[in-house]
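If you want the building blocks of each chain, they are given just below.
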Amino acid sequence: MDIPPIIPGVLARKARKSPMALLLCLLGVPLLLPQTHARAEQAPTMWYWHNWADKSGISHMTKCPIRNFDLKTMSRPAGPQWQDRQTPGAAQMIFTVQPARWNGTWHPDPKVQWIIPLSGSWYVTAMDGTKVVMGPGEISLGEDQRSVRDGAGRIGHYAGNVGDGPVQLLVIQTDEVPTIGQPCRFR
């Protein structure tokens with residue numbers, strides 16, 4: 001049986017064995033795949049911005065992948081979903097609303113923290129000059145606690161709102177110990 005090239009490996013093997021499987025694939029109906037095949041062919045990659053300090057105390061923004069996903073259920077009988085579990089530990093969840101035209105001036109993050117905009121856009125500028133604008137659903141990891149004030153008086157990062165409205169953020173502060181020179185340490 002000729003299988004259209006739009007059907008990838010595992011699905012094509014299923015479709016060869018069953019004309020009904022082929023029809024379902026062409027109609028866009030998902031087929032249940034064995035976990036081992038699904039992991040190899042469909043594991044996602046997510047991205048976050050890491051604000052980190054190098055051994056000279058200069059902060060940087062680096063785009064980092066999260067890609068160690070396993071396909072499993074979080075709670076039976078719910079179906080499987082891709083999960084990349086990070087190191088367990090204590091965390092504090094904080095919802096913040098930065099007022100319109102908020103300006104954070106130069107400062108280091110108080111703790112190693114994940115920051116996720118829920119509405120509005122904000123920016124982070126690192127000491128090396130890299131500026132990143134983030135909107136709803138993007139992820140930032142603030143880990144510039146070990147930055148050192150430079151000759152221009154900059155330390156950590158400069159942050160603020162984009163536009164004239166408020167920005168809602170979800171901040172998850174962790175008990176992680178800040179590192180030096182380890183961009184993208186969370187995978």
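Only a predicted model underlies this, so the values are computations on that prediction, with no experimental measurement involved.

K.L.:
Tell me about the state of the cysteines, and name the residues and values.
P.N.:
Here, the word disulfide means a covalent bond between the sulfur atoms of two cysteines. The tally for this structure, following the rule as stated, stands at one disulfide. Each disulfide pairs two cysteine sulfurs, and for C64 the partner residue is C184, the sulfurs being separated by 2.1 Å. The sign of the -75° torsion about the S-S bond sets the C64-C184 disulfide as left-handed. Taken together, the residues C64 in strand β2 (residues 59-66) and C184 in the segment after β12 (167-174) connect sequence positions 120 residues apart.

K.L.:
Residues and numbers for the packing of aromatic side chains, please.
P.N.:
The description of an aromatic ring pair uses the distance of the two centres, along with the angle that the planes make with each other. As enumerated under the stated definition, the model contains four aromatic pairs in all. Between Y48 and W114 the ring centres are 5.1 Å apart and the planes differ by 65°, which places this aromatic pair in the edge-to-face class. Here Y48 is found in strand β1 (residues 46-53), whereas its partner W114 is found in strand β7 (residues 113-119), with 66 residues between them in sequence. The exposure classification of Y48 matches that of W114, with both residues buried. Centroid distance W114 to F186: 5.5 Å. Interplanar angle 65°. Geometry classified as edge-to-face. Placement of the pair is W114 in strand β7 and F186 in the segment after β12, with a sequence separation of 72 residues. In this pair, the class of W114 matches that of F186, namely buried. Taken together, Y48, W114 and F186 form an aromatic cluster joined through their ring pairs.

K.L.:
Tell me about unusual backbone geometry, and name the residues and values.
P.N.:
Here the amide bond leading from R76 into P77 is cis, since omega sits at 10°, within 30 degrees of zero. Inspection of the secondary structure puts P77 in the loop between β3 (70-72) and β4 (81-83).

K.L.:
Account for the pattern of salt bridges, naming residues and giving values.
P.N.:
The full count for this structure, using the stated rule, is four salt bridges. We note a salt bridge from D150 to R154, for which the minimum N-O separation is 2.7 Å. Of the residues examined, D150 reaches a relative accessible area of 17% and is grouped as buried. A salt bridge links R185 to E176, with the shortest nitrogen-to-oxygen separation between them at 3.5 Å. The class of E176 is partly exposed, set by a relative accessible area of 22%.

K.L.:
Before we move on, can you summarise the pairing of strand β10 (residues 140-143) with the specific residues and values?
P.N.:
Regular strands have side chains that alternate between both faces of the sheet. The two faces of β10 match: S140 and G142 on one face and L141 and E143 on the other face are all buried. As paired elements, β1 and β10 share four bridges and run parallel to each other. Across the sheet, residue N51 finds its bridge partner in β10, namely G142.

K.L.:
Which residues make up the sheet that holds strand β5 (residues 91-98), and what are the values?
P.N.:
Reading across the sheet, the six strands line up as β2-β1-β10-β7-β12-β5 and stay open at both edges, with mixed pairing between neighbours. Both outer strands of the open sheet, β2 and β5, are each paired with one neighbouring strand and no more. In this sheet, neighbouring strand axes are inclined to one another by 25° on average, regardless of whether the strands run parallel or antiparallel. Across three bridges, β7 lies against β10 in antiparallel orientation. Residue pairing in the sheet places Q113 in a bridge with G142 of β10.

K.L.:
Run through a nonpolar patch on the surface, naming residues and quoting values.
P.N.:
A contiguous nonpolar patch, built from M93, F95 and L118 and spanning about 330 Å² of accessible area, is present on the exposed surface. If you trace the backbone, L118 turns up in strand β7.

Cut-off values and rules
- Residues numbered from 1 in each chain as written.
- Predicted model: local features only at pLDDT ≥ 70, side-chain atom pairs only at ≥ 80, totals over all residues.
- Heavy atoms only, no water.
- Disulfide = S-S within 2.5 Å.
- Helix = DSSP H or I, 4+ residues; strand = E, 2+ residues; numbered from the N terminus.
- Phe/Tyr/Trp six-rings, centres within 6.5 Å; stacked < 30°, edge-to-face > 60°.
- Buried < 20%, exposed > 50% of the residue type's maximum accessible area, 1.4 Å probe, protein only.
- Salt bridge = Lys/Arg side-chain N within 4 Å of Asp/Glu carboxyl O.
- Pairing = 2+ DSSP bridges.
- Axes fitted to C-alpha atoms, helices over the stretch in contact; angles between N-to-C directions.
- Patch = residues over 30% accessible without salt bridge, like charges linked within 9 Å, V, L, I, M, F, W, Y side chains within 5 Å.
- Areas by Shrake-Rupley, 256 points an atom, 1.4 Å probe, with all protein chains shown as cover.

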